[in-house]
Amino acid sequence: MAERGQLKPSDAVHPLVAKEDRLSSTWFYEFCAKYGVDYPDEATPERQDEWQAGLDAIHSRILEEYAAETSPQNLSCTEGAIRDAE
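Residues numbered from 1 in each chain as written. Predicted model: local features only at pLDDT ≥ 70, side-chain atom pairs only at ≥ 80, totals over all residues. Heavy atoms only, no water.

A. Summary view of the packing of aromatic side chains. As enumerated under the stated definition, the model contains seven aromatic pairs in all. Relative to W51, the ring of F31 has its centre 5.5 Å away and its plane inclined at 55 degrees; by these criteria the two rings are tilted. Of the two residues, F31 sits in helix α1 (residues 15-35) while W51 sits in helix α2 (residues 45-69), which places them 20 residues apart along the sequence. When sorted by exposure, F31 lands in the same class as W51, which is buried. Each residue in the set W27, F28, Y29, F31, Y35, Y39 and W51 is aromatic and connected to the rest through ring pairs, giving one cluster. (Phe/Tyr/Trp six-rings, centres within 6.5 Å; stacked < 30°, edge-to-face > 60°. Helix = DSSP H or I, 4+ residues; strand = E, 2+ residues; numbered from the N terminus. Buried < 20%, exposed > 50% of the residue type's maximum accessible area, 1.4 Å probe, protein only.)

B. Region of interest: the side chain of E20. Within the secondary structure layout, E20 lies in helix α1. No salt bridge is formed by the buried E20. Its closest oppositely charged neighbour is R61, at 10 Å. In this structure E20 touches I58, H59 and I62, once residues within four positions along its chain are discounted. (Lys, Arg positive; Asp, Glu negative; His and termini not counted. Salt bridge = Lys/Arg side-chain N within 4 Å of Asp/Glu carboxyl O. Contact = heavy atoms within 4.5 Å.)

C. Inspection of the nonpolar core at higher detail. Of all hydrophobic cores here, the largest spans eleven residues; its members are L16, L23, W27, F31, C32, Y35, V37, A43, W51, I58 and I62. The set of elements that each furnish at least two residues to this core consists of α1 and α2. Sort the elements by how many residues they give to this core and α1 lands first, with six residues. Discounting residues that sit within four places of it in the chain, I62 has contacts with L16, K19, E20 and L23. (Core = buried A, V, L, I, M, F, W, Y, C linked by side-chain atoms within 4.5 Å.)

D. Looking closely at the environment of K19. Within the secondary structure layout, K19 lies in helix α1. The spatial distance from the C-alpha of K19 to the C-alpha of I58 is 9.6 Å, given a sequence separation of 39 residues. Excluding residues within four positions of it along the chain, K19 makes contact with R61, I62 and E65.

In structure tokens form, the structure reads like this:
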């Protein structure tokens, strides 16, 4: 049992999920500092579009990395042999 105040994750988090969270958090702080707001929704509509575009770019980057990671060329020899045997 975890001691009071300590958290124990129940499931492992995929490294790309952690990376997306980190990049999104960094973007949040950079955006808010750039425009002097506490939250992105306090910015003008044009700036909110910039906020969303930044998040979309981060998400696209992570999806591309995931696709590259899971592409057939990156399968291990064992996985490839199993697929070939089918």
